[in-house]
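Given next are the chains, with one letter for each unit.
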Amino acid sequence: MRYMATYDLMETIRNTNQWLGATAYSMASYPIFALTPNPAFQWLAAWGEVTERAFQRMVAKPDWGIESITGEDGRDHLISIETVVEKPFGDLIHFNVQGRDEMDRRVLLVAPMSGHYATLLRSTVKSLLPDCEVYVTDWHNARDIPVSEGKFDVEDYTLYLVEFMRHLGNDLHVIAVCQPAPLTLAATAYLAEQDPEAQPRSLTLIGGPIDPDATPTEVTDFGHSVTMGQLEGTMIQRVGFKYPGVGRKVYPGLLQLASFMSMNAERHSQAFMNQITRVAQGEASDRDPHNKFYDEYLAVMDMPAEFYLSTVERIFKAGEIARNEFVVDGHKVDIGAISKVAVKTVEGGKDDISAPGQCVAALDLLTGLPDDMKASHLEPEAGHYGIFAGRSWRNNIRPLVLDFIDANSEDPAARSRTKSRKDKKKAKIAAE
């Protein structure tokens, strides 16, 4: 009950602030106040509008918002999102481009389960859709998962990835972004040992903590400075009575958001003050840069307690992936067993979450992989977000990743960024 009371208290505070914002906005917007030339009412309405939106976003799952793309034929193609594999803690979804034949490249984008929804990769997905068939791991908010569905830790996460890869087949290229990089590497090694025919053709690891101790950051320092008992006592709560997952132990998204905000409190405070000014002066819009960023940043999800705690204990503290000592379902995974999957690492020179050196450490673990199937890239001016969603990704990293995919496909000479599988088959038949 104590943990439920804490969870419900946080939700009460959030709900109260949302209500205060809505109330202030409604009250200050009464038409009668227009008779009084007092800018205080404009500022109060602006504060209420910004406050209501911010606190409401904290419990709303963002939409993907990818409605269409322009194809090589010059036509707009509508996008429909289809669930390919449905699981209690996360689904495998496919972005189906209507009116277009299946593309030659098939990409599985492994989204982080680190407090934000998979929609954090919206711009990454959108940039890949013109050239690829895109599949994404869409993790569920733990507060909505009944206790009867059981636990979900790093081993379960790894087995989910194994199942998703098996379902999609071996003509697949996997891109893991940030947190899932070490577990995706372990899942690939698991397949190399248990089901070699299901291995993907390439694996791209972007800004992930393969060896967190290679380059210490505030994140790794925190992981080493607290005991697991302290972490469980201060970070873990039980879902309150409002949600289907009532009673489930979680690391609450609201708690993680508070930690995120406190790390750069001055910058966030200034951003919201500036937005209130813009709203009061009539210069803001529904999808202006502030709202586009914070609509996603503030939309947080709860993580299963077992997943959060086992990530800290096994990936950061014990360094099981870095030491090649990771065990999945009683089986000790040997990363050196990967011998046919090309692996590329991508790091940002200004990444303060997964610093340069942490991700490229994966290549040293791949003792069974030829050197010509290993690659790495360091983007000097990119931060953590920029290496998968910013200008650095669009202009520099994305082309390199697509080239890496093409170079490690079944028939590299016949690869095309725009030709569909159907067109390729026609060309092959004609040539014969």
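Since we're looking at a predicted model, the values are computed, not measured.

Student: What is the right way to read the side chain of Gln275 from this model?
Tutor: If you trace the backbone, Gln275 turns up in helix H9 (residues 265-280). A distance of 2.8 Å separates the side chain of Gln275 from the side chain of Arg278, its partner in a polar contact. Once residues within four sequence positions are removed from consideration, Gln275 is found in contact with Val50, Ala284, Asp288, His290 and Asn291.

Student: I'm lost on empty space enclosed by the protein in this one. Help?
Tutor: Taking a probe equal in size to a water molecule and rolling it over the atoms shows the remaining empty space. Per the stated rule, a full pass over the model turns up one cavity of 30 Å³ or more. Approximately 100 Å³ is the volume attributed to the largest cavity. Contributing to the lining of the largest cavity are 14 residues, with Tyr7, Glu11, Arg143, Leu254 and Asp302 lying nearest its centre. Of all the secondary-structure elements, those providing two or more residues to the lining of the largest cavity are helix H1 (2-28) and helix H8 (253-263).

Student: Got a minute to help me understand the packing of helix H4 (residues 154-168) against helix H5 (residues 181-194) in this structure?
Tutor: When two helices pack together, their arrangement is given by the angle between their axes and by how far apart the axes lie. Here H4 crosses H5 at 60 degrees, and the two axes come no closer than 9 Å. Judged on the interaxial angle alone, H5 and H4 are oblique. Crossing handedness for the pair H4 and H5: right-handed. For the pair formed by H4 and H5, the contact residues are Val154, Tyr157, Thr158, Leu159, Leu161, Val162, Met165 and Arg166 on the first element and Leu183, Thr184, Ala186, Ala187, Thr188, Tyr190, Leu191 and Gln194 on the second.

Student: Help me out: how do you make sense of the sheet that holds strand E10 (residues 303-304) in this one?
Tutor: Across a sheet, strands are paired by hydrogen bonds formed along the backbone, either parallel or antiparallel in direction. Reading across the sheet, the three strands line up as E8-E9-E10 and stay open at both edges, with antiparallel pairing between neighbours. Edge strands, defined here as strands with exactly one partner in the open sheet, are strand E8 (237-238) and E10. One ladder, built from two bridges, connects strand E9 (residues 249-251) with E10; its direction is antiparallel. Bridge pairing in E10 places Tyr251 opposite Met303.

Student: Help me out: how do you make sense of the packing of aromatic side chains in this one?
Tutor: In this description, an aromatic ring pair is defined by two values, namely the gap between the centres and the angle between the planes. Per the counting criterion, the structure on display carries 18 aromatic pairs. Here the aromatic residues Phe89, Trp139, Phe152, Tyr157, Tyr160, Phe164 and Phe307 are joined through ring pairs into a cluster of three or more. Looking at Lys87, its charged tip hangs above the ring of Tyr160, at a distance of 4.9 Å from the centre.

Student: Mind showing me how you'd approach the pattern of salt bridges here?
Tutor: Two side chains with opposite charge may pair up if their charged atoms get near one another. Summed over the entire model, instances satisfying the criterion amount to 23 salt bridges. The residue Arg201 makes a salt bridge to Asp171 at a minimum N-O spacing of 3.3 Å. One end of the pair, Arg201, is in the loop between H5 and strand E7 (202-206); the other, Asp171, is in the loop between H4 and strand E6 (173-177), and 30 residues separate them in sequence. In this structure Arg201 comes out as partly exposed when scored by relative accessible area, which is 21%. Between Arg287 and Asp295 there is a salt bridge; the shortest N-O distance is 3.6 Å.

Student: Please explain the pairing of strand E5 (residues 132-139) as it appears in this structure.
Tutor: When a strand is regular, its side chains alternate between the sheet's two faces. When you tally the buried positions in E5, you get eight out of eight residues, the bulk of the element. Taking every second residue as pointing to the same face, both faces of E5 are buried, with Cys132, Val134, Val136 and Asp138 on one and Glu133, Tyr135, Thr137 and Trp139 on the other. Sheet analysis places strand E3 (residues 90-97) next to E5, joined by six bridges and oriented antiparallel. Each residue of the ladder has a partner; that of Ile93, found in E5, is Val136. Pairing geometry for strand E4 (residues 105-110) and E5, over five bridges, is parallel. Across the sheet, residue Val107 finds its bridge partner in E5, namely Val134.

Student: I would appreciate a short explanation of helix H10 (residues 289-297) in the present structure.
Tutor: Think of an α-helix as turning once every 3.6 residues; residues three or four places apart then point the same way. All buried positions along H10 are accounted for by His290, Asn291, Tyr294, Asp295, Glu296 and Tyr297. Looking at the buried side of H10, the elements it contacts are helix H2 (39-57), helix H3 (122-128), H8 and H9.

Analysis parameters
Residues numbered from 1 in each chain as written. Predicted model: local features only at pLDDT ≥ 70, side-chain atom pairs only at ≥ 80, totals over all residues. Heavy atoms only, no water. Helix = DSSP H or I, 4+ residues; strand = E, 2+ residues; numbered from the N terminus. Polar contact = N/O pair within 3.5 Å; in protein donor to acceptor, adjacent residues only side chain to side chain. Contact = heavy atoms within 4.5 Å. 1 Å grid on protein atoms, 1.4 Å probe; cavity = no way out; pocket = protein on both sides within 12 Å on 5 of 7 lines; lining within 4 Å. Points joined across faces, edges and corners; volume = space filled by probe spheres on them. Axes fitted to C-alpha atoms, helices over the stretch in contact; angles between N-to-C directions. Parallel < 35°, antiparallel > 145°, perpendicular 65-115°, else oblique. Left-handed = near helix turned anticlockwise from the far one by under 90°. Pairing = 2+ DSSP bridges. Phe/Tyr/Trp six-rings, centres within 6.5 Å; stacked < 30°, edge-to-face > 60°. Lys NZ or Arg CZ within 6 Å of the ring centre and 35° of its normal. Salt bridge = Lys/Arg side-chain N within 4 Å of Asp/Glu carboxyl O. Buried < 20%, exposed > 50% of the residue type's maximum accessible area, 1.4 Å probe, protein only.

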